[in-house]
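Fold and contact review
As a plain string of letters, each chain reads:
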Amino acid sequence: MFKAIDGLREHVEITNTTMENAVGGIWGSRQYFIDALTEIAGYKAGVVLTEVELYEILRDQDDIARILDPDGQGGGRLHSSVVEEAVVTLLHRLGNTPSDRNIPITIEMFHKYRRTDNKKIYSDLMDAFVRFCKSDNKVTENREIDPSSLMSEMFERHGSIGGEMALELIKGINRDMHRSAWTSIRNIEWRDTVELDGLFKSAGLETMHAKFFDQRYVDYLSQNFDKVDDMHWRKFEGFTAEFFEREGFHVRLGPGSNDDGVDLRVYPSDADPTQPPMILVQCKRQKAKIEKALIKSVYADVLHEKASSGLIVTTSTLSPGAEATRTARSYPIEAADRATLRTWIDQLRS
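Computed from a predicted structure; not experimentally measured. (Residues numbered from 1 in each chain as written. Predicted model: local features only at pLDDT ≥ 70, side-chain atom pairs only at ≥ 80, totals over all residues. Heavy atoms only, no water.)

**Focus: the overall build of the chain**
A tally of helices and strands in the chain yields 14 helices and nine strands. The principal-axis extent of the C-alpha atoms belonging to the chain is close to 75 × 60 × 40 Å. In the chain, which comprises 350 residues, the proportion classed as buried is 45%. Of the roughly 18,200 Å² of accessible surface on the chain, 51% is carried by carbon and sulfur atoms. Distance between charge centroids for the chain: 3 Å, based on 45 positive and 56 negative side chains. (Helix = DSSP H or I, 4+ residues; strand = E, 2+ residues; numbered from the N terminus. Buried < 20%, exposed > 50% of the residue type's maximum accessible area, 1.4 Å probe, protein only. Areas by Shrake-Rupley, 256 points an atom, 1.4 Å probe, with all protein chains shown as cover. Lys, Arg positive; Asp, Glu negative; His and termini not counted. Charge placed at Lys NZ, Arg CZ, Asp CG, Glu CD.)

So this is what it looks like as structure tokens:
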């Protein structure tokens, strides 16, 4: 059972029935709120946070930050809505959810459709949803909710628009339950947890949720892109390998050191392993611009291994001199710069 959620729910129930406390108040020590929020992050996002990381993520959330602050008041009372907002914000900033707007899907859809021609369909959908919730056949033998009857009813009454709106509602309800502080429902059944600081301090590439670079780190970087500058250089190589792997290529990742300047060798998925690689990749996680010496070095590697082309993947960009050298000499060398990395991360996020 999810202890953090059970504990928070118990606090809400107690304070709701205690006359001297405001409705929805949650009393707790600093450590209590740290334990509850870090457990929620571990369970729903699969990410282990330290106390310092938790405070930094929620530092601008005044009410919860006053309690999480190591030099703060050490505990106190929070309204349940503050905890709800903190959890929504926390999951969003870990890249686990696409939005930090804590608005229920029913309210979102009401405002979306209330001034459109689909207003009546939305109203009919809400009536159908109430009937669905009261029905006895919505739960499967595995105790899962089966929304097919709601989908079918709306499709039969309103065609594809009705079916699409029903699907929008179902997806929104799943989202709301996932990011709720009070439910043990989550979008992904994480098989383990990863430490956030492992993105920056660890060279290890072992993961249960990808091949070279953990999905949870991808999601985190999607909301904290500038952290690419701080990630461990070996993780940066792993991220690059993960991108090409998911694009359908076969990737051979080098040892990380003593690799003679070649970090990755990329092959077509059906390539003969005895043939030269299609792309030789050099990864450069650095703030300084790539100079022309590296362009020449990668070109020399391409010639030596008889590869089709070379690629420099960098958190920076090519210098004007490097770009001029590459273009003037028609080197088969491309660059995936900082802007390209942004698109890669967006493409790979959950």
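That covers the picture; the talk isn't over yet.
**As for unusual backbone geometry**
Working note: non-glycine residues mostly have negative phi, and peptide bonds are mostly trans. A positive phi angle is found at lysine 306, which is not glycine, with a value near 55°. In this fold, lysine 306 is placed in the loop between α12 (292-305) and β8 (309-314). We classify lysine 306 as exposed; its relative accessible area is 66%.

**Quick word on helix α13 (residues 320-328)**
Inspection of α13 places Ala322, Thr325 and Arg326 among the buried residues, and these make up the whole buried set. In an axial view of α13, the angular spread of the buried residues amounts to 95°, which keeps them on one side of the axis. Along α13, exposed side chains directed more than 90 degrees from the buried face belong to Pro320 and Ala328. Its buried side turned inward, α13 meets α12 and β9 (333-336). At the exit of α13 stands serine 330, carrying a positive phi of roughly 55°. (Arc of directions from axis to C-beta. Contact = heavy atoms within 4.5 Å.)

**A short note on α12**
Under the 1.5 Å per step criterion, the end-to-end length of α12 is 20 Å for 14 residues, consistent within 8% with the ideal 20 Å. Inspection of α12 places Leu294, Ile295, Val298, Asp301 and Val302 among the buried residues, and these make up the whole buried set. An end-on view of α12 places all buried positions within 125° of arc, on one side of the element. The outward face of α12, more than 90 degrees from its buried face, is lined by the exposed residues Ala293, Leu303 and His304. In this structure, the buried side of α12 is in contact with β7 (279-284), β8, α13 and β9. Lysine 306 occupies a position one or two residues after α12 and carries a positive phi of about 55°. (Expected span 1.5 Å × (residues − 1).)

**Thoughts on the pairing of strand β6 (residues 264-267)**
Covered by surrounding structure in β6 are Leu264 and Val266 together with Arg265 and Tyr267, the residues of both alternating faces. Bridge count for strand β5 (residues 250-253) against β6 is four bridges, and the pairing is antiparallel. By the bridge assignment, leucine 253 is partnered in β6 with leucine 264. Note that β6 and β7 share three bridges and pair antiparallel. Its bridge partner being in β7, leucine 264 is matched across the sheet by valine 281. (Pairing = 2+ DSSP bridges.)

**Observations concerning the packing of helix α7 (residues 119-134) against helix α8 (residues 148-178)**
Interhelical geometry of α7 versus α8 gives an angle of 75° and a closest axis separation of 10 Å. By the angle class used here, α7 and α8 are roughly perpendicular. On α8, the residues that touch Ile121, Tyr122, Asp124, Leu125, Met126, Ala128, Phe129, Arg131 and Phe132 of α7 are Ser149, Leu150, Glu153, Met154, Arg157, His158, Ile161, Gly162, Met165, Ala166, Leu169 and Ile173. Residues belonging to the contact of α7 with α8 are distributed by class as follows: 14 nonpolar, three polar and four charged. (Axes fitted to C-alpha atoms, helices over the stretch in contact; angles between N-to-C directions. Parallel < 35°, antiparallel > 145°, perpendicular 65-115°, else oblique. Nonpolar A, V, L, I, M, F, W, Y, C, P; charged D, E, K, R; others polar.)

**Brief notes about the pattern of salt bridges**
Going through the model one piece at a time under the given rule, you end up with 22 salt bridges. Between glutamate 168 and lysine 112 there is a salt bridge; the shortest N-O distance is 3.1 Å. Taken together, the positions of glutamate 168 in helix α8 and lysine 112 in helix α6 (residues 105-113) put the pair 56 residues apart, joining distant regions of the chain. Here glutamate 168 falls in the partly exposed class, since its relative accessible area comes to 22%. Its salt-bridge partner being arginine 326, residue glutamate 334 comes within 3.6 Å of it at the nearest N-O pair. (Salt bridge = Lys/Arg side-chain N within 4 Å of Asp/Glu carboxyl O.)

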